[in-house]
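Here's the letter readout for the chains.
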Amino acid sequence: MKPRVSSSDQVIADTATGSSFTRFQVRFPFLRRDEQHHTKGGTGDHGKHADDSGISDHDEVLPHTQSVEGDESPPRADDAFQDDDGDFVVARPTSKDEYDVITIEHAMETHLPDVGLQVWLGSILLSNFILHEHQRFSGCVALELGGGTGLASIVMATIAKLVICTDIGEDVLNRCQRNILANAHLPTTKSGDMDSDDLLVKVRELDWLSPMLTTDKLKTFHWRQEDIGCFEDVDIILAGDVIYSNPLTDAFFHKLQDLMERGKPKTCFMALEKRLNFTLEDLDVTCKEYDHFRDWLRRLAADHRYSVSQLSGDIYQYVQCPLSKYLELWEIQGSPRL
């Protein structure tokens, strides 16, 4: 499978390892531009729900917000263009001084079992949403399901109290850990020396098909005892582009329901790209995996313990990468079982 993110001048290929490195330029809305590596602040800028979501816009604005002189809105997805192969070309800002950089090691294309090695547009939309709603996520404990390269978790770590990024497969988890270490320069709520156990992002193995957490100490990304306590404190769940196989979609929602029934009330934010394909069976362009996903949403919406809303994807692009018009953003709120 070939990813949708490329740029001739921002993607560096390592022919020895088969890896690529993309430098995403990011504008952090909660920092003054002249103090990007020193202070944290806030803005009163919030994202909006879609008109049919049934949820009103956020009204709360943190006190002592800092304005930025000459601030311009980041570009939107329709500022994009595509190269000869149909890949999106990463937009470049007019002034590099206004942006920080997140460097992500990833594969340019993989077979289906290794999709976690790629950067997918759903994780970029999630990253933009996190930054746009940074006041909402301040101090949260977040869990990412199917975190892959770790991009959304790295962005969330600039705001959250703690992030647990999960996936399966040693290659995926090791690459995710390397990406987190490579981006330790980003502004976070922690300071001082950090080792792999003290990072704001913990990388752990979480198999949706298994009811048990991996606690085998022989495995690098096993769950420690202190992790399990943090696991109960999770109040935000993230998932980007995890809908591509009906059996895995079933496993994802079963795991999501299990998570939402324990600990604190939780809200899940999902971003996905609706992928259309022509099938001989239907003699039409369809997206059966997406249809199956929507069936699950209807099922959850019929349960009084859950609330399901589609959110607007028209969000400022703090992470400099044009997005697809087929991207969607969903919010699922759940309550613990009494």
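Heads up: these notes are all about the structure in this document. Quantities reported herein were computed from a predicted structural model and do not represent experimental measurements. (Residues numbered from 1 in each chain as written. Predicted model: local features only at pLDDT ≥ 70, side-chain atom pairs only at ≥ 80, totals over all residues. Heavy atoms only, no water.)

**Description of the packing of aromatic side chains**
Within this structure, the stated rule accounts for 11 aromatic pairs. Seen in terms of ring centroids, F129 and F137 are 5.9 Å apart; in terms of plane orientation they differ by 70°. Their pairing is edge-to-face. F137 matches F129 in its accessibility class, with the two residues each being buried. Ring centres of Y316 and Y318 lie 6.3 Å apart, and the angle between their planes is 80°; on these two criteria the pair is classed as edge-to-face. (Phe/Tyr/Trp six-rings, centres within 6.5 Å; stacked < 30°, edge-to-face > 60°. Buried < 20%, exposed > 50% of the residue type's maximum accessible area, 1.4 Å probe, protein only.)

**Looking at unusual backbone geometry**
Positive phi is not limited to glycine here, since D241 has a value of about 50°. Relative to the helices and strands, D241 is located in the loop between β9 (236–240) and α6 (246–260). Look at D241 and you get buried, because its relative accessible area is 8%. (Helix = DSSP H or I, 4+ residues; strand = E, 2+ residues; numbered from the N terminus.)

**Some points on the pairing of strand β7 (residues 162–167)**
Burial analysis of β7 places six of its six residues in the buried class, the great majority of the element. Side chains of β7 alternate between two faces, with L162, I164 and T166 and V163, C165 and D167 buried alike. Pairing of strand β6 (residues 141–145) with β7 involves four bridges; the strand directions are parallel. Pairing of E144 across the sheet is with C165, part of β7. Alignment of β7 against strand β8 (residues 201–205), held across five bridges, turns out to be parallel. (Pairing = 2+ DSSP bridges.)

**Quick look at the environment of Q135**
Locating Q135 in the fold gives a position in helix α2 (residues 134–137). Note on Q135: relative accessible area 12%, which makes it buried. Sequence-wise, Q135 and I159 are 24 residues apart; in three dimensions their C-alpha atoms are separated by 8.3 Å.

**Side note on the pattern of salt bridges**
Counted by the stated rule, this structure contains 10 salt bridges. The partner of R136 in a salt bridge is E331, and the shortest N-O contact between them spans 3.0 Å. You can see R136 sitting in helix α2 and its partner E331 sitting in strand β14 (residues 327–334), a full 195 residues away along the chain. One network of salt bridges, in which partners are shared, links E105, R175 and R178. (Salt bridge = Lys/Arg side-chain N within 4 Å of Asp/Glu carboxyl O.)

**Here's the deal with the sheet that holds β8**
If you trace the seven strands from one edge of the open sheet to the other, you get β8-β7-β6-β9-β10-β14-β13, paired in mixed fashion. If you trace the sheet from one side to the other, it starts and ends with β8 and β13 (306–311), each paired once. The mean angle between the axes of side-by-side strands here comes to 20°, regardless of whether they run parallel or antiparallel. In this sheet, β14 lies alongside strand β10 (residues 266–273) in antiparallel orientation, the contact comprising eight bridges. Residue F269 lies in a different strand from β14, and its bridge partner there is E331. Running over the sheet, helix α1 (residues 121–132) touches β9, β10, β13 and β14 and is turned about 60° from β14. Relative to β14, helix α7 (residues 288–301) is tilted by about 25°, and along the sheet it contacts β10, β13 and β14. (Axes fitted to C-alpha atoms, helices over the stretch in contact; angles between N-to-C directions. Contact = heavy atoms within 4.5 Å.)

Function-wise, these values are silent; they only describe arrangement.
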